[in-house]
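These are the residues of each chain, in order.
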Amino acid sequence: DAGVIQSPRHEVTEMGQEVTLRCKPISGHDYLFWYRQTMMRGLELLIYFNNNVPIDDSGMPEDRFSAKMPNASFSTLKIQPSEPRDSAVYFCASSLVGSPLHFGNGTRLTVT
Amino acid sequence: ILNVEQSPQSLHVQEGDSTNFTCSFPSSNFYALHWYRWETAKSPEALFVMTLNGDEKKKGRISATLNTKEGYSYLYIKGSQPEDSATYLCAFPSYNQGGKLIFGQGTELSVKP
């Protein structure tokens, strides 16, 4: 298995632009998580899905952030409009219930 | 809000030293505790998933113990090597469905040759 695949690896955009981050989980995994890494908060859970259904989005910072999982093999995290404080590394991870998380390589987002 | 605390925040040791660090978590409604290793510029990788009180797991020179009654886990590294330098994270599922994994802030280990 190729593992969790995230794209793009790096994204540089201007404030106000829409940003879409993509994730392909490991086949067969029924949980998908979006985390954000910041200096202040470490690994911060934004949202997670179980069987493609969003279960808890309480970590999504504000309405500018949205996430979808249209099928078992694809998820997106969208920021619209983006702001400089959104600059961070965004990780996607997938797992089976009770099993450890498998992380993607992350997307480094820079908003100027 | 669940709190997962790790200590120390950072640790600097010499090659060959043995070291250990702590993860504290809520002792009620325990389901599992995860340990991850996170090297700089990479993504976190799972070390252990621990579920039973008194559990001890080992992978090479790294081992971990679990006390669910008092809510702590120790991670030990025997004879640290420079390649052990990384941030070690523990994580706690917030309820027994195994979802919503809450991570501690991590212990950053630096091993000098």
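Preceding this section is the structure that the text describes.
Residues numbered from 1 in each chain as written. Chains lettered and ligands numbered in written order. Predicted model: local features only at pLDDT ≥ 70, side-chain atom pairs only at ≥ 80, totals over all residues. Heavy atoms only, no water.

Trainee: Before we go on, may I ask you to explain the overall build of chain A in this structure?
Mentor: The helix and strand tally for chain A stands at zero helices and 11 strands. Counting helices and strands in the order they occur from the N terminus, chain A gives β-β-β-β-β-β-β-β-β-β-β. Whereas a compact globule of 112 residues would reach a radius of gyration of roughly 13 Å, chain A reaches 13 Å, a difference of no more than 12%. Along the longest, intermediate and shortest principal axes, the C-alpha atoms of chain A span 35 × 25 × 25 Å. Counting only carbon and sulfur atoms, one obtains 49% of the accessible surface of chain A, whose full area is about 5500 Å². Placing the 10 positive and 12 negative side-chain charges of chain A at their respective mean positions leaves the two points 4 Å apart. (Helix = DSSP H or I, 4+ residues; strand = E, 2+ residues; numbered from the N terminus. Rg over C-alpha atoms; globule rule 2.2 N^0.38 Å. Areas by Shrake-Rupley, 256 points an atom, 1.4 Å probe, with all protein chains shown as cover. Lys, Arg positive; Asp, Glu negative; His and termini not counted. Charge placed at Lys NZ, Arg CZ, Asp CG, Glu CD.)

Trainee: Would you mind showing me how to read the sheet that holds strand 8 (residues 74-79) of chain A here?
Mentor: Sheet strands associate in pairs through backbone hydrogen bonding, adopting either a parallel or an antiparallel arrangement. Residues and elements named next belong to chain A. Pairing is antiparallel in the open sheet, where four strands are placed in the order 1-3-8-7. The strands lining the two open edges of the sheet, one partner per strand, are strand 1 (5-7) and strand 7 (65-71). The mean angle between the axes of side-by-side strands here comes to 15 degrees, regardless of whether they run parallel or antiparallel. With three bridges joining them, strand 1 and strand 3 (residues 19-24) adopt antiparallel strand pairing. What sits directly across from Ile5, in strand 3, is Lys24. (Pairing = 2+ DSSP bridges. Axes fitted to C-alpha atoms, helices over the stretch in contact; angles between N-to-C directions.)

Trainee: Sorry if this is basic, but what is going on with the sheet that holds strand 7 (residues 62-67) of chain B here?
Mentor: Residue and element names in this part refer to chain B. Across the sheet, which stays open at both edges, the five strands sit in the order 1-3-8-7-6 with antiparallel pairing between neighbours. Edge positions in the sheet fall to strand 1 (5-7) and strand 6 (56-59), since each has one partner strand and no second. The mean inter-strand angle of the sheet, taken between neighbouring strand axes irrespective of direction, is 15 degrees. Across four bridges, strand 6 lies against strand 7 in antiparallel orientation. By the bridge assignment for strand 7, Lys59 is matched with Ile62.

Trainee: So what exactly am I meant to see when it comes to the interface of chain B and chain A here?
Mentor: A common measure of how large an interface is: the accessible area buried when the components associate. Taken together, the contacts link 17 residues of chain B with 22 residues of chain A. Overall, the association of chain B and chain A removes approximately 1500 Å² of surface from exposure, summing both partners, and the carbon and sulfur fraction of that is 59%. Among the residues chain B hides against chain A, the three largest losses belong to B:Trp38, B:Lys100 and B:Phe103. Together they make up 31% of the total. Counting across the interface, chain B meets chain A through zero salt bridges. Ranked by the residues each element gives to the side of chain B that touches chain A, the list is headed by strand 4 (residues 33-38) of chain B, at three residues. Residues belonging to the side of chain B that touches chain A are distributed by class as follows: 10 nonpolar, five polar and two charged. (Contact = heavy atoms within 4.5 Å. Buried area = accessible area lost by both parts, 1.4 Å probe. Salt bridge = Lys/Arg side-chain N within 4 Å of Asp/Glu carboxyl O. Nonpolar A, V, L, I, M, F, W, Y, C, P; charged D, E, K, R; others polar.)

Trainee: Just checking my understanding: could you explain the packing of aromatic side chains for this structure?
Mentor: Where two aromatic rings form a pair, the distance of their centres and the angle of their planes describe that pair. Enumeration according to the criterion identifies 17 aromatic pairs over all chains in this entry. When the centroid spacing of 6.2 Å and the interplanar angle of 25 degrees are considered together, the rings of A:Phe33 and A:Tyr35 count as stacked. Grouping residues by exposure puts A:Phe33 and A:Tyr35 together as buried. For the ring pair B:Phe30 and B:Phe92, a centre distance of 6.0 Å and an interplane angle of 45 degrees mean the geometry is tilted. Of this pair, B:Phe30 sits in the loop between strand 3 (19-24) and strand 4 while B:Phe92 sits in strand 9 (residues 86-93); the two residues are 62 residues apart in sequence, bridging distant segments of the chain. (Phe/Tyr/Trp six-rings, centres within 6.5 Å; stacked < 30°, edge-to-face > 60°. Buried < 20%, exposed > 50% of the residue type's maximum accessible area, 1.4 Å probe, protein only.)

Trainee: Mind showing me how you'd approach the side chain of A:Asp56 here?
Mentor: Looking at the secondary structure, you find A:Asp56 in strand 6 (residues 53-56). Polar side-chain contacts of A:Asp56 include one of 2.6 Å to the side chain of A:Ser58. Apart from residues lying up to four places away in sequence, A:Asp56 is in contact with A:Leu46, A:Ile47, A:Tyr48 and B:Lys100. (Polar contact = N/O pair within 3.5 Å; in protein donor to acceptor, adjacent residues only side chain to side chain.)

Trainee: Teacher, can you tell me more about the pairing of strand 4 (residues 31-38) of chain A here?
Mentor: Successive residues of a regular strand alternate their side chains across the two faces of the sheet. Residue and element names in this part refer to chain A. Counted residue by residue, strand 4 has six buried out of eight residues, so it is predominantly covered. Pairing of strand 4 with strand 5 (residues 42-50) involves eight bridges; the strand directions are antiparallel. Residue Arg36 lies in a different strand from strand 5, and its bridge partner there is Glu44. Here strand 4 folds back onto strand 5, and the loop between the two strands holds three residues. Here seven bridges tie strand 4 to strand 9 (residues 88-95), and the two strands are oriented antiparallel to one another. Note that in strand 9 the partner of Gln37 across the bridge is Val89.

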